[in-house]
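Observations on the three-dimensional arrangement
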Amino acid sequence: MSVKQDQVLGFDEHDEMVRPAMEVVEFEETAKAMVSRRGFLSGGAAVGATAFVMGSTTLAAGKALAGEEMKMSRLAFEMVKANAHDTVTVPKGYKWEVLASWGEPLFSNAPAFDPKTGGTGASQEMAFGDHNDGMALFVHNGRQILCVNNEYTNLNTLHANRADGKPTTADDIRKSKAAHGVSVVEIARTGGNWGIVKDSEFNRRITADTEMDITGPARGHDLLKTKADPRGVVAKGTWNNCGNGQTPWGTYLTCEENFNGYFSSSNKEFPLTSQMKRYGISHDDWGYSWAMADERFDLSKEPQEPNRFGYIVEIDPMNPTARPKKRTALGRFKHENAEVEVAANGHVVVYLGDDERGEFLYRFVSKNKYVSGGDNSNLLEEGTLYVAKFNENNTGHWMALTPESTGMTEAEIAIYTRLAASKLGATTMDRPEWVASNPNKAEVFCALTNNKNRGVKPNAGGDATPAVGPNPRVKNNFGQIVRWVPANQDHTAEKFTWDLFVLAGNPAVYDDANAGSKNVNKDNMFNSPDGLRFDKKGLLWIQTDGNYSNEGGFAGQGNNQMLVGDPETGEIKRFLVGPKECEITGAAWSADRTTMFVSVQHPGEKGDSVWPNGGMPRSSVIAISREDGAIIG
Ligand code: FEO
Ligand code: CA
Ligand code: CA
Ligand code: CA
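Computed from a predicted model, the values in this text were never measured in an experiment.

It is worth spelling out the layout of surface pockets at this point. By volume, the second largest pocket amounts to about 880 Å³. Around the second largest pocket, the lining comprises 34 residues; the ones closest to its centre are Gln 246, Glu 339, Val 340, Pro 439 and Arg 533. Broken down by secondary-structure element, the contributors of at least two residues to the lining of the second largest pocket are strand E2 (132-140), strand E9 (241-246), strand E13 (335-342), strand E18 (432-437), strand E22 (529-534) and strand E26 (583-589). Element by element, the count of residues in the lining of the second largest pocket is highest for E13, at six residues.

Encoded structure:
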């Protein structure tokens with residue numbers, strides 16, 4: 001089937017078109033088939049009942065709020081009501097402004113953004129990329145440098161110069177490749193307003209054509225060798241960079257997610273291997289048409305090119321000439337983000353989600369130890385990758401992916417990570433999105449955004465997806481956030497305990513499991529948690545990328561939004577609502593923490609938004625601050 005991106009389909013919907021579910025069952029029937037809400041709240045007998053016993057294990061949070069706890073709430077703002085407005089809504093006493101939008105020039109010799117055409121290849125290479133997502137702020141000699149992922153594009157807005165919104169010329173492809181990747185920009189607040197410091201020596205675009213070194217166990221492996229790189233050591237570019245990470249040694253981690261959607265085959269008889277199928281590589285791309293101007297995206301001409309993508313890339317933002325490094329030791333899958341912790345024993349731990357229905361949650365533990373002030377530049381070069389196994393009794397453990405456990409070489413584990421994890425019987429998850437680790441205690445959270453295939457069909461590797469444990473709902477439309485606590489507060493420990501921090505839902509429509517957990521009510525409800533970030537106070541910022549129809553099972557939930565959760569009490573409050581048809585994702589704080597930066601991604605992805613300036617909608621990073629200038633987060 002030929003799958004092309006157009007204005008009426010969201011990103012997830014394209015993915016589903018490539019590999020549709022076996023059957024479609026009406027949402028209402030799904031709801032009826034589930035356990036009653038009352039049943040699950042009491043931990044009664046039903047699918048995965050133990051998973052629903054919020055606060056009944058050694059983990060204290062997730063319980064309903066009693067009156068006294070409400071009075072002591074740490075979420076000191078007036079909750080924003082759900083809405084479907086075409087603007088950003090923040091609580092009383094807060095304000096927002098646009099920091100940077102797609103196409104904004106980073107240099108004074110670059111042309112201004114042209115909203116009629118969306119610019120050219122040359123202008124885009126000198127401008128802020130499209131579809132801003134994960135981000136991190138670095139402070140260097142008092143200057144503030146923001147790294148922002150540019151995940152993907154909407155064809156109809158990117159190619160506004162074409163009547164049908166489809167790329168037509170080589171320059172359209174050049175523009176498309178340059179709209180992806182990472183934007184590194186120095187930012188400053190001048191005259192009270194945040195903006196990009198034009199011509200800063202730190203300003204830099206990393207795109208789908210930027211050369212980068214392949215490091216780690218897969219470096220030089222036969223599977224990575226191509227005509228352009230017969231040694232298998234230098235990859236060209238990075239794209240579909242979704243979430244991110246930040247290391248204590250001052251580097252930025254960008255995470256390659258749906259890298260598969262850019263490859264196609266001019267020969268429709270080209271045989272797809274089982275490994276290609278597991279990673280969603282098919283004869284058709286998602287409408288980007290990069291093969292039109294660059295043969296390496298044509299599988300029949302360069303079948304190993306996809307093996308060079310799907311990794312974590314490490315970037316040194318303070319050194320604009322440093323080559324980015326692909327860290328194959330952290331595995332190859334549809335990476336969401338990379339949450340970095342330094343364990344008490346000095347080893348660096350990176351938590352990693354694979355965002356696909358029924359895929360897995362991973363942990364990397366470095367071989368060497370972090371040394372404060374030392375040379376930590378290659379800590380992500382060597383280590384062990386683990387995959388998570390969750391048991392129904394709220395315990396779990398990490399399983400090491402090694403040659404002994406998998407029968408695969410270290411390089412093969414790095415390249416075909418999904419297959420290695422399947423061999424160990426890891427727990428199939430409801431699309432692991434961002435992982436966030438509490439800076440004040442050893443507990444880690446992962447957003448499991450939704451999974452309509454849960455309990456319906458296996459994952460692409462044939463692994464079963466029973467509705468149990470941290471993925472308790474059949475045809476899960478709302479998503480949940482799982483939390484685990486490493487044994488002995490040690491992030492390198494084998495064992496952990498877990499619970500569900502929240503089960504999202506709609507208690508205004510449902511009275512069964514689709515109503516959500518006790519800490520979800522008619523006022524704070526949402527669906528499809530995705531972005532997760534902790535602030536310094538230990539509050540969890542929750543961002544959504546879900547169904548914004550505001551109808552049926554999603555009635556009353558409005559546009560995508562950002563909420564704040566308190567891990568200690570389970571309380572959740574809505575802080576922000578985005579404009580129409582956007583997703584809210586990624587967060588960073590200014591050096592003085594009086595400003596929070598957040599990505600508003602793909603406003604008007606189906607054509608119904610003119611945010612932020614009127615006319616063509618543009619993905620933008622916004623800066624949120626308090627009217628009184630106090631610290632936020
Ligand atoms: Fe790009 Fe899984 O979100
Ligand atoms: Ca996204
Ligand atoms: Ca995401
Ligand atoms: Ca998502």
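From this point on, the discussion continues.
What follows covers the nonpolar core. Within the largest apolar cluster, 66 residues are counted, with the highest numbers of intra-cluster contacts made by Trp 239, Val 350, Leu 352, Tyr 362 and Leu 401. Setting aside anything within four residues of it in sequence, one finds Val 350 in contact with Leu 330, Ala 338, Glu 339, Val 340, Tyr 362, Arg 363, Phe 364 and Leu 380. Trp 589, Val 598, Trp 611 and Ile 622 belong to the second largest nonpolar core, which has 22 residues in total.

The strands making up a sheet are joined through hydrogen bonds of the backbone, oriented either antiparallel or parallel. Pairing in this open sheet of six strands is mixed, and the strands run E8-E7-E12-E11-E10-E9 from one edge to the other. Edge positions in the sheet fall to strand E8 (234-236) and E9, since each has one partner strand and no second. Neighbour-to-neighbour, the strand axes of this sheet turn through a mean angle of 35°, independent of strand direction. Examined bridge by bridge, strand E11 (residues 312-315) and strand E12 (residues 325-327) share three bridges and lie antiparallel to one another. Within E12, the residue paired with Val 313 across the bridge is Lys 326.

Distances from the calcium ion (ligand 4) to its protein donors, Glu 433 (OE), Asp 530 (OD) and Asp 545 (OD), fall within 2.3 to 2.4 Å. Each donor residue of the calcium ion (ligand 4) lies on the same chain, and together they follow the pattern E-x96-D-x14-D.

Following the criterion strictly, the structure yields 35 aromatic pairs and no others. Note on Trp 398 and Trp 484: the rings are 6.1 Å apart at their centroids and 70° apart in plane angle, and the pair reads as edge-to-face. Residue Trp 398 is located in strand E17 (residues 395-401), and its partner Trp 484 is located in strand E20 (residues 480-486); the two are separated by 86 residues in the primary sequence. Its relative accessible area of 5% is what places Trp 398 among the buried residues. Overall, the relative accessible area of 0% leaves Trp 484 in the buried class. Centroid distance Phe 445 to Phe 534: 5.5 Å. Interplanar angle 65°. Geometry classified as edge-to-face. With a gap of 89 residues between them, Phe 445 in strand E19 (residues 444-448) and Phe 534 in strand E22 connect regions that are remote in the sequence. Here Phe 534 falls in the buried class, since its relative accessible area comes to 8%. The side chain of Arg 418 reaches across the aromatic face of Tyr 279, ending 5.1 Å from its centre. Positioned over the ring face of Phe 113 is Arg 618, at 3.9 Å from the centre of the ring.

Let us now look at the coordination of the calcium ion (ligand 3). Looking at the calcium ion (ligand 3), the protein donor atoms are Glu 336 (OE), Glu 433 (OE), Asp 530 (OD) and Asp 530 (OD), and they sit 2.3 to 2.8 Å from it. Binding-site remark: the calcium ion (ligand 3) is held by donors from one chain whose sequence spacing is E-x96-E-x96-D. The distance between the calcium ion (ligand 3) and the calcium ion (ligand 2) comes to 4.4 Å. With Glu 336 in strand E13 and Glu 433 in strand E18, the pair connects residues that are 97 residues apart, well separated along the chain.

This part covers empty space enclosed by the protein. Evaluation of the coordinates by the stated rule reveals two cavities of 30 Å³ or more. For the largest cavity, the calculated volume is near 60 Å³. Taken together, Trp 102, Asp 130, His 131, Asn 154, Thr 157, His 602, Pro 603, Gly 604, Pro 617, Arg 618 and Ser 619 make up the lining of the largest cavity. Residues of the lining of the largest cavity, tallied by class, amount to three nonpolar, six polar and two charged.

On to unusual backbone geometry, then. Geometrically, the link from Trp 611 to Pro 612 is a cis peptide bond, its omega value of 5° lying close to zero. Tracing the backbone through its elements, the reader meets Pro 612 in the loop between strand E27 (595-601) and strand E28 (620-626). Phi is positive for Gln 489, which is not a glycine, with a value near 55°. Positionally, Gln 489 belongs in the loop between E20 and strand E21 (495-503). Non-glycine residue Glu 581 carries a positive phi angle of around 60°. As for its placement among the helices and strands, Glu 581 is situated in the loop between strand E25 (572-577) and E26.

With that settled, consider the pattern of salt bridges. Tallied over the full model, the rule gives 39 salt bridges. Between Lys 334 and Glu 356 there is a salt bridge, with its nearest N and O atoms 3.2 Å apart. Of this pair, Lys 334 sits in the loop between E12 and E13 while Glu 356 is found in the loop between strand E14 (347-354) and strand E15 (361-369), placing the two residues 22 residues apart along the sequence. For the pair Lys 334 and Glu 356, one class covers both residues: buried. Through salt bridges with shared partners, one network takes in Lys 177, Asp 209, Asp 229, Lys 236, Asp 294, Arg 296, Glu 305 and Arg 308.

Overall, antiparallel pairing links the four strands, which are arranged E1-E28-E27-E26 in an open sheet. Two strands bound the open sheet, and with one partner strand each, they are strand E1 (94-101) and E26. Taken pair by pair, the neighbouring strands of this sheet meet at an average axis angle of 30°, ignoring direction. In the sheet, E27 pairs with E28 via six bridges, with the strands oriented antiparallel.

The rules behind the values
Residues numbered from 1 in each chain as written. Chains lettered and ligands numbered in written order. Predicted model: local features only at pLDDT ≥ 70, side-chain atom pairs only at ≥ 80, totals over all residues. Heavy atoms only, no water. 1 Å grid on protein atoms, 1.4 Å probe; cavity = no way out; pocket = protein on both sides within 12 Å on 5 of 7 lines; lining within 4 Å. Points joined across faces, edges and corners; volume = space filled by probe spheres on them. Helix = DSSP H or I, 4+ residues; strand = E, 2+ residues; numbered from the N terminus. Core = buried A, V, L, I, M, F, W, Y, C linked by side-chain atoms within 4.5 Å. Buried < 20%, exposed > 50% of the residue type's maximum accessible area, 1.4 Å probe, protein only. Contact = heavy atoms within 4.5 Å. Pairing = 2+ DSSP bridges. Axes fitted to C-alpha atoms, helices over the stretch in contact; angles between N-to-C directions. Donors = N, O, S within 2.8 Å, 3.2 Å for Na, K, Ca; no water. Phe/Tyr/Trp six-rings, centres within 6.5 Å; stacked < 30°, edge-to-face > 60°. Lys NZ or Arg CZ within 6 Å of the ring centre and 35° of its normal. Nonpolar A, V, L, I, M, F, W, Y, C, P; charged D, E, K, R; others polar. Salt bridge = Lys/Arg side-chain N within 4 Å of Asp/Glu carboxyl O.

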